[in-house]
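Chains, contacts and geometry: an overview
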Amino acid sequence: MISAFFNQNGVAVSNISYTGAPASIGFFEGSQSNIGLNAGLLFTSGDATLAPGPNDLGSSGQSMGIPGSPWLDALIPGYITHDASIIEMDVTPSSDTLAFSYVFASEECQEYVGSSFNDLFAFLVTG
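First, a word on scope: everything that follows refers to the structure included in this document. (Residues numbered from 1 in each chain as written. Predicted model: local features only at pLDDT ≥ 70, side-chain atom pairs only at ≥ 80, totals over all residues. Heavy atoms only, no water.)

A word on unusual backbone geometry
When glycine is set aside, most residues are seen to have a negative phi, and most peptide bonds are trans. Of note in the backbone geometry, N15 takes a positive phi value of approximately 50 degrees without being a glycine. Assessed through its relative accessible area of 58%, N15 is described here as exposed. Residue D83 is not a glycine yet carries a positive backbone phi of 55 degrees. Mapping D83 onto the fold places it in the loop between α2 (70-73) and β4 (86-93). (Buried < 20%, exposed > 50% of the residue type's maximum accessible area, 1.4 Å probe, protein only. Helix = DSSP H or I, 4+ residues; strand = E, 2+ residues; numbered from the N terminus.)

And the structure:
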């Protein structure tokens, strides 16, 4: 899924690895939504099938029972993350410019903002 998505959009991807629950990754078609992206990949800390809106049901998230990310843990000293969904890959652009469009969203933000339960996102580029 990841290779098929990126290899059609001006980049070649290789060495793809995914760490996370199988139900936490998916593809979305968002042309009729208000998220600003027509289509893309969805990485969640829960069940990706619960992502479509509207967000009108409190706490509809789902614990996947898998570890978090040591990288993200380092960003929030004193706390540990859970249910990480991590994609790693080598990307080779077909031009001299590489750009990513992404949207971070949280189903649980309204219920947990200001508490010790917070969603966390990182987009890390190396090399």
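Some remarks on the environment of T44
Positionally, T44 belongs in the loop between β3 (39-43) and α2. Judged by its relative accessible area of 15%, T44 is buried. Along the backbone, T44 and G20 are 24 residues apart, and their C-alpha atoms lie at a distance of 9.0 Å. A distance of 2.6 Å separates a polar atom in the side chain of T44 from the backbone oxygen of G46. (Polar contact = N/O pair within 3.5 Å; in protein donor to acceptor, adjacent residues only side chain to side chain.)

Overview of a nonpolar patch on the surface
Among the surface-exposed residues, L98, F100, Y102, F104, F121, F123 and V125 lie close enough to one another that they form a single nonpolar patch of about 690 Å² accessible area. Examined against the element boundaries, V125 turns out to sit in the segment after α3 (109-112). (Patch = residues over 30% accessible without salt bridge, like charges linked within 9 Å, V, L, I, M, F, W, Y side chains within 5 Å. Areas by Shrake-Rupley, 256 points an atom, 1.4 Å probe, with all protein chains shown as cover. Salt bridge = Lys/Arg side-chain N within 4 Å of Asp/Glu carboxyl O.)

Quick word on the nonpolar core
Core analysis: the biggest nonpolar cluster contains six residues, these being I2, F6, V11, V13, I25 and L41. Once residues lying within four places of it in the same chain are set aside, the contact partners of I25 are M1, I2, Y18, L42, F43 and A48. (Core = buried A, V, L, I, M, F, W, Y, C linked by side-chain atoms within 4.5 Å. Contact = heavy atoms within 4.5 Å.)

Things to note about the side chain of D47
Relative to the elements of secondary structure, D47 occurs in the loop between β3 and α2. Under the relative-accessibility criterion, D47 is labelled buried at 18%. In this structure, D47 is in contact with A23, Q62 and M64, ignoring residues within four places of it in sequence.

Here's the deal with the environment of S101
Mapped onto the fold, S101 is located in the loop between β4 and α3. Each C-alpha atom, one on S101 and one on G36, is 9.2 Å from the other, the two residues being 65 residues apart in sequence.

A few points about the packing of aromatic side chains
Inspection of every chain in the model, using the stated rule, returns four aromatic pairs. Aromatic side chains Y102 and F123 sit 5.5 Å apart centroid to centroid with 10 degrees between the ring planes, which places their arrangement in the stacked category. Linking Y102 in the loop between β4 and α3 with F123 in the segment after α3, this pair joins segments that are 21 residues apart in sequence. Every member of this aromatic cluster is reached through a ring pair, and the members are F100, Y102, F104, F121 and F123. (Phe/Tyr/Trp six-rings, centres within 6.5 Å; stacked < 30°, edge-to-face > 60°.)

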